[in-house]
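For reference, the chains in residue letters:
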Amino acid sequence: MSDKTTTPREITFRLRRFNPETDSVPHWDSYALNVPDGMTVLEALHQLKAEQEPTLAWRSSCRMGVCGSCGMFINDLPMLACQTQVLHLGTDVVSVAPLPNYENVKDLVPNLEPLIEKHAAIKPFIIHTNSKEIDEPTGEFLQTAEERESISQFTHCIKCGLCLAACPTVATDPLFLGPQALAQAYRYTADNRDCGLHDRLEAIDIFHGPYQCHLAGACSQACPKGVDPAFAIQLLKRTLVLDSIGFGKKKSSLAKVMPLADVVKAIEEFAPPKRTV
């Protein structure tokens, strides 16, 4: 079988540049680069920085779609630069800008502080009536496979911020909690080990909370992990309504604790087989 190679294509990259120390407004600069098949936008930025523009700034880390730090506005859509192959975009000109709906720190770097602050506001952790068991655990809270599956989709959030960049409500209301925080509010509230809905009401049941969502669905389309924040927000609305009329989660249905000895036994029973040569 012959070894086929793909001839690199020359792609023009239009990068939005902004240096707060020297620029009053952002501007666009263009750079040409020969792009082979398989090169990602992030790899292209690294090559441009090494060969043409050493002052170019962006944020990245893992290069494998896990950390979420390389979110950018690529060809007018929020994407992860490390997961976006240049030639798959199908254009000879690729525009790269910082995520919208965030303050621009420098070049392609957005200020993600609002994302983190909103995420922290919904108390993204298990809240249980047995606080002593939380602080000094004697075992594990039981959770069936079905209970885990009911929230599994919403646990995949990597906090990349793409959903807020895509959200039209965030664009007009910066105080809107946004799809990331609201989806995680549902993720924890729906968790069978949690009873923290009322502790989260101050943050989520407000004018800038879930009822500001107009169900555009842009957040779910932008999510690189398939979390579907738009769906989570609708489920959160239902949860709030049911709770307000007395049909909320009952404390008696909360997860029970499995003693540590039983946890160890369960792990041993499902331990992988010993290695062979």
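Counting restarts for each chain: residues are numbered from 1 in the order of the written sequence. With pLDDT at 70 or above as the cut-off, local features in this predicted model cover only qualifying residues; side-chain atom pairs require 80 or more to be listed or tallied, and sums for whole chains, interfaces and linings still use all residues. Note that water and hydrogens are dropped before the side-chain values are worked out from all heavy atoms of the structure.

A few words on the environment of Val-96. We count a stretch as a helix when DSSP gives it H or I for four or more residues in a row; a strand needs E for two or more, and each element gets its number in order from the N terminus. Tracing the sequence through the fold places Val-96 in strand S5 (residues 93-97). Relative accessible area decides the class of each residue, using a 1.4 Å probe on protein chains only: under 20% of the type maximum gives buried, over 50% gives exposed, and in between gives partly exposed. A residue is classified by how much of its surface remains accessible, and Val-96, at 0% relative accessible area, is buried. Those residues in contact with Val-96, other than ones at most four positions away along the chain, are Arg-14, Leu-15, Arg-16, Trp-28, Val-41, Met-72, Phe-73, Ile-74 and Leu-108. In this analysis, two residues are considered to be in contact whenever any of their non-hydrogen atoms come within 4.5 Å of each other.

Interface size is commonly expressed as the accessible area that is lost once the parts come together. You can read the domains of the protein chain as domain 1 (9-111) and domain 2 (113-259). Start and end positions for the domains come from either an automated domain assignment or a database one. Between domain 1 and domain 2, the C-alpha centre-to-centre distance is 31 Å. Each side of the interface is counted separately: domain 1 has 15 residues, and domain 2 has 16 residues. Taken together, the two surfaces of domain 1 and domain 2 that pack against each other cover about 1,100 Å², and 56% of this comes from carbon and sulfur. Its largest share of buried area at the contact with domain 2, domain 1 owes to Pro-78, Asn-101 and Tyr-102, together 45% of the area lost on that side. Here the quantity called buried area is the accessible surface, traced with a 1.4 Å probe, that two parts lose on coming together, added over both.

Quick look at the packing of aromatic side chains now. Pairing of aromatic rings covers Phe, Tyr and Trp, the last through its six-membered ring, and needs centres within 6.5 Å; plane angles under 30 degrees mean stacked, over 60 mean edge-to-face, and all others mean tilted. Tallied over the full model, the rule gives two aromatic pairs. Centroid distance Phe-154 to Tyr-186: 5.6 Å. Interplanar angle 90°. Geometry classified as edge-to-face. Residue Phe-154 is found in the loop between helix H4 (145-152) and helix H5 (162-166), and its partner Tyr-186 is found in helix H7 (residues 178-189); the two are separated by 32 residues along the sequence. Judged on exposure class, the residue Phe-154 and its partner Tyr-186 are both buried. Both rings, one in Phe-154 and one in Phe-231, keep their centres 6.3 Å apart while their planes meet at 45°; by these two values the pair is tilted. Taken together, the residues Phe-154 in the loop between H4 and H5 and Phe-231 in helix H10 (residues 229-244) connect sequence positions 77 residues apart. Assessed through its relative accessible area of 3%, Phe-154 is described here as buried. Within the aromatic cluster, the residues linked to one another by ring pairs are Phe-154, Tyr-186 and Phe-231. The cationic tip of Arg-187 hangs over the ring face of Tyr-188; the distance from NZ or CZ to the ring centre is 4.1 Å. The rule for a charge over a ring is simple: NZ of Lys or CZ of Arg within 6 Å of the ring centre, and within 35 degrees of the ring normal.

We now examine empty space enclosed by the protein. Think of a 1 Å grid over just the protein atoms. A cavity is a set of points where a 1.4 Å probe fits yet cannot get out, a pocket is an open set with protein on both sides within 12 Å along at least five of seven lines, and lining residues have an atom within 4 Å of a point. Grid points are joined across faces, edges and corners, and a volume is the space filled by probe spheres set on the points. What the rule picks out here adds up to three cavities of 30 Å³ or more. Approximately 110 Å³ is the volume attributed to the largest cavity. Taken together, 16 residues form the lining of the largest cavity, with Cys-157, Cys-163, Gln-180, Cys-223 and Val-227 sitting closest to its centre. If you list the elements that add at least two residues to the lining of the largest cavity, you get H5 and H7. With three residues, the single largest contributor to the lining of the largest cavity is H7.

In this structure, Asn-75 takes a positive phi of about 50° despite not being glycine. With respect to the helices and strands, Asn-75 occurs in the loop between strand S3 (71-74) and strand S4 (77-80).

The subject of this paragraph is the sheet that holds S3. Working definition: the strands of a sheet are paired by backbone hydrogen bonds and lie parallel or antiparallel to each other. Taken in spatial order, the five strands line up as S2-S1-S5-S3-S4 in an open sheet, and their pairing is mixed. The open sheet has two edge strands with one neighbour each: strand S2 (27-35) and S4. Each strand axis lies, on average, 35° off the axis of its neighbour in the sheet, ignoring direction. Note: two strands are recorded as paired if DSSP finds a minimum of 2 bridges between them. The pairing of S3 with S4 spans four bridges and is classified as antiparallel. By the bridge assignment, Ile-74 is partnered in S4 with Leu-77. Sheet strands in contact with helix H1 (residues 41-51) are strand S1 (9-17), S2, S3 and S5, and its direction is about 100° off that of S2. What counts as an axis is a line fitted to C-alpha atoms, over the stretch in contact for a helix, and the angles between N-to-C directions run from 0 to 180 degrees.

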